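Chains, contacts and geometry: an overview
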Amino acid sequence: LPLLNTQMGYVFERQGRLDIAANYALETLRLGEKLNSNRAIAVAYSDLSNIFWKQSKFEKGLEYGLTSAKIFEEIGINDLDYDFTLYVIGNNFLALKKYPEALNYFKHSIAIGERYGFYNNLSDVYISLVDLHAYLNEFEEAEIAGENAIKYAELLDNNFMLMRSWLSVGKLQNLQGKYISAIESVERSIAI
């Protein structure tokens, strides 16, 4: 039942209905506490962290993400959900302009993603790394991150991830003043 609630929350989160997604995450948390399931509790905190990040409530998102990661580490689970949690923590740090901390969490997420083949998380992390490196004017690293985001989205055959990857590359190219390339990348994103 906690897993079912988590999956239902993902459906509503993808639809942008964050209030309903948060309700499912809170129900997962309630069930996790009732069933004494630390894994369910960790997933619930991770989902809430992601929802707060999407609502631009980065301090709260960071707090919930760090709580989730701590629980995952205490119970020794190194799975896709833990990997996603590291990515979300990195996003909250990135939004708070704490770039070294964000980079550390993104690198940890990449290590797990590459070890287990979590292509979806890898594409997500590399999209965030495009932004991080662009903010730091590290354009060569940002370009490499964009290539990796596209590579993993293609390996996954996931149009949603591929669309987001091309958009991030287009935004980077726009920042670099590569306007023709930026237009081409954004057009590819739109076409996908």
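Refer to the structure above for everything that follows.
In short, a report on the structure. (Residues numbered from 1 in each chain as written. Predicted model: local features only at pLDDT ≥ 70, side-chain atom pairs only at ≥ 80, totals over all residues. Heavy atoms only, no water.)

**Some points on the side chain of Ser-185**
This is how it is decided: Numbering of helices and strands starts at the N terminus; helices are DSSP runs of H or I of at least 4 residues and strands are runs of E of at least 2. Two N or O atoms count as a polar contact when they lie within 3.5 Å, although within protein this holds only if one can serve as hydrogen donor and the other as acceptor, and sequence-adjacent residues are included solely when both atoms are side-chain atoms. Should any heavy atoms of two residues lie within 4.5 Å, those residues are counted as being in contact.
Along the polypeptide, Ser-185 turns up in helix H10 (residues 179-191). Of note is the side chain of Ser-185, whose polar atom sits 2.7 Å from the side chain of Gln-173. When sequence neighbours within four positions are dropped, the list of residues in contact with Ser-185 reads Trp-166, Val-169, Gly-170 and Gln-173.

**Points about the pattern of salt bridges**
Formally: When a carboxyl oxygen of Asp or Glu is within 4 Å of a side-chain nitrogen of Lys or Arg, the pair counts as a salt bridge. Each residue's exposure class comes from its accessible area (1.4 Å probe, protein chains only) as a fraction of the maximum for that residue type: buried when under 20%, exposed when over 50%, partly exposed otherwise.
One pass over the full model with this rule turns up eight salt bridges. With its nearest N and O atoms 2.3 Å apart, the salt bridge here joins Glu-13 to Lys-54. Of the two residues, Glu-13 sits in helix H1 (residues 2-14) while Lys-54 sits in helix H3 (residues 38-54), which places them 41 residues apart along the sequence. Given the relative accessible area of 12%, Glu-13 is considered buried. On the basis of relative accessibility, which here comes to 40%, the residue Lys-54 falls in the partly exposed class.

**Looking at the nonpolar core**
Stated precisely, the cut-off is as follows: Definition used in this section: a nonpolar core is a set of buried Ala, Val, Leu, Ile, Met, Phe, Trp, Tyr and Cys residues joined via side-chain atoms within 4.5 Å.
By size, the foremost hydrophobic cluster in this structure holds 52 residues, and its most contacted members are Phe-106, Tyr-126 and Leu-129. Among all residues touching Tyr-126, those that are not within four sequence positions of it are Ile-110, Glu-114, Ala-145, Asn-148, Ala-149 and Tyr-152.

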